Amino acid sequence: MTTTLYTSDHEWLSIDGDVATVGITDYAQQQLGDVVFVELPKVGRALKKAEAAAVVESVKAASDVYAPISGEVLETNEALAAEPALVNSDAQGKAWFFKIKIADKSELGGLMDEAAYKAHTA
Amino acid sequence: MLAHDQDSLKRTPLYDLHVSLGGKMVPFAGYDMPVQYPAGVLKEHLHTRTKAGLFDVSHMGQLALRPKSGKVEDAARALERLVPQDIVAIAAGRQRYAQFTNEDGGILDDLMVANFGDHLFLVVNAACKAADEAHLRANLSDACIIDALADRALIALQGPKAEAALAKFCAEAPAMTFMDAGPHEVASIKCFVSRSGYTGEDGFEISVPSGDAERLAKLLLENPDVLPIGLGARDSLRLEAGLCLYGHDIDTTTTPVEAALEWSVQKSRRTGGARAGGFPGAAKILAHFDGGASRRRVGLRAEGRAPVREGAVLFADAAGGEAIGKVTSGGFGPSLSAPVAMGYVPVSLAALGTKLFAEVRGQRLPLAVAAMPFVKNTYKR
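Residues numbered from 1 in each chain as written. Chains lettered and ligands numbered in written order. Predicted model: local features only at pLDDT ≥ 70, side-chain atom pairs only at ≥ 80, totals over all residues.

(A) Local environment of the overall build of chain A. Scanning chain A from terminus to terminus reveals four helices and nine strands. Reading chain A from its N terminus to its C terminus gives the helix and strand order β-β-β-α-β-β-β-β-β-α-α-β-α. The C-alpha radius of gyration of chain A comes to 13 Å, within 12% of the 14 Å expected for a compact globule of 122 residues. Dimensions along the principal axes, computed over C-alpha positions, put chain A at roughly 35 × 35 × 25 Å. Looking at chain A as a whole, 42% of its 122 residues qualify as buried. Taking as baseline every contact in chain A between residues at least 6 positions apart, the subset at least 24 positions apart corresponds to 60%. (Helix = DSSP H or I, 4+ residues; strand = E, 2+ residues; numbered from the N terminus. Rg over C-alpha atoms; globule rule 2.2 N^0.38 Å. Buried ≥ 20, exposed ≤ 12 C-beta atoms within 10 Å, placed from the backbone. Contact = placed C-beta atoms within 7 Å.)

(B) Spatial organisation of the overall build of chain B. Secondary structure assignment for chain B yields eight helices and 19 strands. Radius of gyration (C-alpha) of chain B: 21 Å, near the 21 Å computed for a compact globule of 381 residues. Expressed as lengths along the three principal axes of its C-alpha atoms, the size of chain B is roughly 60 × 50 × 40 Å. Residues classed as buried in chain B amount to 51% of the 381 residues present. Sequence-distant contacts, at least 24 apart, represent 66% of the contacts inside chain B between residues at least 6 apart.

(C) Spotlight on the interface of chain B and chain A. Chain B puts 14 residues into the contact, and the matching count from chain A is 11 residues. Breaking the side of chain B that touches chain A down by element, the ones donating at least two residues are α2 (41-50), α7 (231-240) and β16 (323-333) of chain B. Among the residues forming the side of chain B that touches chain A, the class breakdown is six nonpolar, five polar and three charged. (Nonpolar A, V, L, I, M, F, W, Y, C, P; charged D, E, K, R; others polar.)

(D) Up close: the sheet that holds strand β9 (residues 152-158) of chain B. Residue and element names in this part refer to chain B. Strand order across the open sheet formed by six strands is β10-β11-β12-β9-β3-β13, with mixed pairing between neighbours. The open sheet has two edge strands with one neighbour each: β10 (181-186) and β13 (226-228). Looking at each pair of strands side by side, their axes are set apart by 30 degrees on average, direction ignored. By the bridge criterion, six bridges tie β10 to strand β11 (residues 189-194) in an arrangement that is antiparallel. Each bridged residue has a counterpart across the sheet, and for A181 the counterpart in β11 is S194. Sheet contacts for α2: β3 (52-56), β9 and β13; angle to β3, the most-contacted strand, approximately 120 degrees. Packing of helix α6 (residues 210-221) onto the sheet brings it into contact with β3, β9, β10, β11, β12 (203-209) and β13, and relative to β9 it is tilted by some 20 degrees. (Pairing = 2+ DSSP bridges. Axes fitted to C-alpha atoms, helices over the stretch in contact; angles between N-to-C directions.)

(E) Spatial organisation of α6 of chain B. Residue and element names in this part refer to chain B. The end-to-end C-alpha distance of α6 is 17 Å, a good match for the 16 Å that 12 residues give at a rise of 1.5 Å each. For α6, the complete set of buried residues consists of A213, L216, A217 and L220. Buried residues of α6, seen end-on, are gathered within an arc of 100 degrees and therefore sit on one face of the element. (Expected span 1.5 Å × (residues − 1). Arc of directions from axis to C-beta.)

(F) Looking closely at unusual backbone geometry. In this structure, the amide linkage connecting M372 of chain B to the following residue, P373 of chain B, adopts the cis form with an omega of 0 degrees. You can see P373 of chain B is positioned in the segment after β19 (363-370). Located in the positive-phi region is A50 of chain A, a residue other than glycine, with phi close to 80 degrees. The residue A50 of chain A is located in the loop between β5 (46-47) and β6 (52-58) in this model. On the basis of neighbour counts, which here come to 14 C-beta atoms within 10 Å, the residue A50 of chain A falls in the partly exposed class. Non-glycine residue R361 of chain B carries a positive phi angle of around 50 degrees. Looking at where R361 of chain B falls in the secondary structure, it is placed in the loop between β18 (355-360) and β19.

(G) How the structure looks around the pairing of strand β2 (residues 11-16) of chain A. All names here are of chain A. As paired strands, strand β1 (residues 3-6) and β2 are joined by four bridges and run antiparallel to one another. Counted as the bridge partner of L5 is L13 from β2. Counting the residues that bridge the hairpin from β1 to β2 gives four residues, and of these H10 lies at a positive phi of roughly 75 degrees. Summarising the sheet, β2 and strand β3 (residues 19-24) pair through six bridges and their orientation is antiparallel. Among the inter-strand pairings, I15 is bridged to a residue of β3, identified as A20.

(H) Layout of the sheet that holds strand β4 (residues 35-39) of chain A. Residues and elements named next belong to chain A. Spatially, the three strands line up as an open sheet ordered β4-β6-β7, and their pairing is antiparallel. Taken across any chain shown, the strands that pair with only one partner, and hence form the sheet edges, are β4 and β7 (62-66). Taking each pair of neighbouring strands and ignoring which way they run, the sheet shows an average axis angle of 25 degrees. As defined by bridge partners, β6 adjoins β7 across five bridges and the pair is classed as antiparallel. The partner of A54 across the bridge, within β7, is V65.

(I) Structural detail: the packing of α2 of chain B against α7 of chain B. Residues and elements named next belong to chain B. Running from N to C, α2 and α7 point in directions that differ by 55 degrees, and their axes come no closer than 8 Å. Comparing the axis directions of α2 and α7 gives the class oblique. As α2 packs across α7, the resulting crossing turns out to be right-handed. Along the contact surface, α2 presents V41, E44, H45 and T48, while α7 presents G232, A233, S236 and L237. Tallied by class, the residues present in the contact of α2 with α7 amount to three nonpolar, four polar and one charged. (Parallel < 35°, antiparallel > 145°, perpendicular 65-115°, else oblique. Left-handed = near helix turned anticlockwise from the far one by under 90°.)

(J) Expanded view of the nonpolar core. L79, V113, L120, L122, I155, L157 and V308 of chain B are the most contacted members of the largest nonpolar core, which totals 140 residues. Look past the residues within four positions of V308 of chain B in its chain and what remains in contact with it is L300, A302, V327, G330, P339, A341, A358, V360, L365 and L367 of chain B. (Core = buried A, V, L, I, M, F, W, Y, C linked by C-beta atoms within 7 Å.)

Structural data, given as C-alpha cells:
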C-alpha cells in the first residue's frame, strides 16, 4: 500500500513503508518545459530536508530539486541520464528521481495530499 | 531587467497576437515578451532549423540617419565617427554589422546599418536604444537628422522555408542575398526587408508600420511551415550560431578584437587603411589588431551532458589553479543535442581543442575550445 504526497516546491513522494520514491510533478515539468539534463544525488548521501538534492535543466534554465524529507539516498533512476525527456513524458511514473530511506516519519506530516496539491497549483 | 512590474512593461504591436497564440509572457528589456509558445523552446528551435520561425523583435530600436546635405555618403562618414566599420563602402541596398565603441575600446552596443540610398537605417538592441539615440544625437546632429522610428514593428522570419513563405507576399524576396536590405512591399504594406537574422539560418527581417504588424504576422503564420518562436529559442538558436548577445558576450569591457569580431572591422578602418581610426577607442582597438589582445571570446563544447551556463568560472586544470575566464553564454543546443557555450579565455588557451574546465555546482566539468558557429550557417550568399 503506497501513499503519494506532495510538496509546495512541486515534488511528489510515493511512500512505501520506510522508503520514499521522489520525483517532480507533472505541473512542474510543464512549467520547466523540455528537460535536457538531470543531475541526481549520489547513492548513500544523507539528505537533509529542504537541501538541494538534484538538478533538472531545460533548454532555458537549471532548477534545483529539494529533498522533501531527510534520509539516505538508496537508489537513483539511471534512465534519466540517458533520456531526460522522460521527465516530460512520465513525470509521476518512469521519471522518478531517487529513493530515500525515511529518517523521520514526522516530517511527512507537513506534506500535501493530492487534493491539497491540486488546490495549491490551481 | 529594467522593469519587473507588469504595469510598467511596454508592449509591442504584436502583444495581443502573442497572448492569443498562448505565448508565455515575461519581462525582457522593459517589454512584456513571449519567451515561448505552447510548442516549447526545444520544438520551436528545431522547427526554425527545419522549416521557418516567426519572431517578434519589435522591442529592438529602429532609427533613420538622414544626411542634412542630402548625400548618404555624408551620413556614412558621420556614423564612422562612432563605429570601427567602413560605412561609406556599404552599397545602396546593402547592410553591415557594426558596433558603437567607447573611449576605452569597449562596445556600447552592436547594430545593423543599412544603406537605403538616401539615408541609413539602423537596428539596435532594445536595452540600449535610448542610450544609442542620445549618443547619435550628441555626436552626429551636425550632419544628420536622427529619426527614431518608434512606430514600426520588426518581424524576423527565419529558416529554410522562410524564402518561400515570404515570396508569397513579396515577389522580390527570393532574389535578395544575405545582407541585402531595402524598402519592399510585403502584402502591399510598405516595409523594409533585409535578408539577415540572428539564428544562423537563411531568413529575413521585416520592418513594418506598427498598425500593419499584426495583419502581416497573421498572414505569414497562415503558412503551416511557419510557427511563432519565443525569446527562449531565439537565444538557443543564436548561441548555436556563435552570435554575440549584447550585455553578455560583449559589453563596455570587451573590444571587438577580444570579442573575436575582427571580421566585422574592414581594412579601411585599421592601421594603414584609407580611413584608419577616427572612432572612439581607436588607439586601444587598433593596438589590439596590431599587437594582439590578451584574451579572446571562444566557443566551448562540454564533454558531458550538463549544460554550462553564463557565469560559470573557467579553469585550466581539473583541480586547483586560478580562474582563467568565465562563460558569457551557455546552455543546451537543441540541434546538437549537447551543451554549447562561449566565454573569454587567455589567448594562450584559445586554440581549438584546448582542454578547459568549468565549475558547475562545485564540480569541474571538462570542456574543449571549439569552432563557432557550432551549427553551420545557411545564409544565402
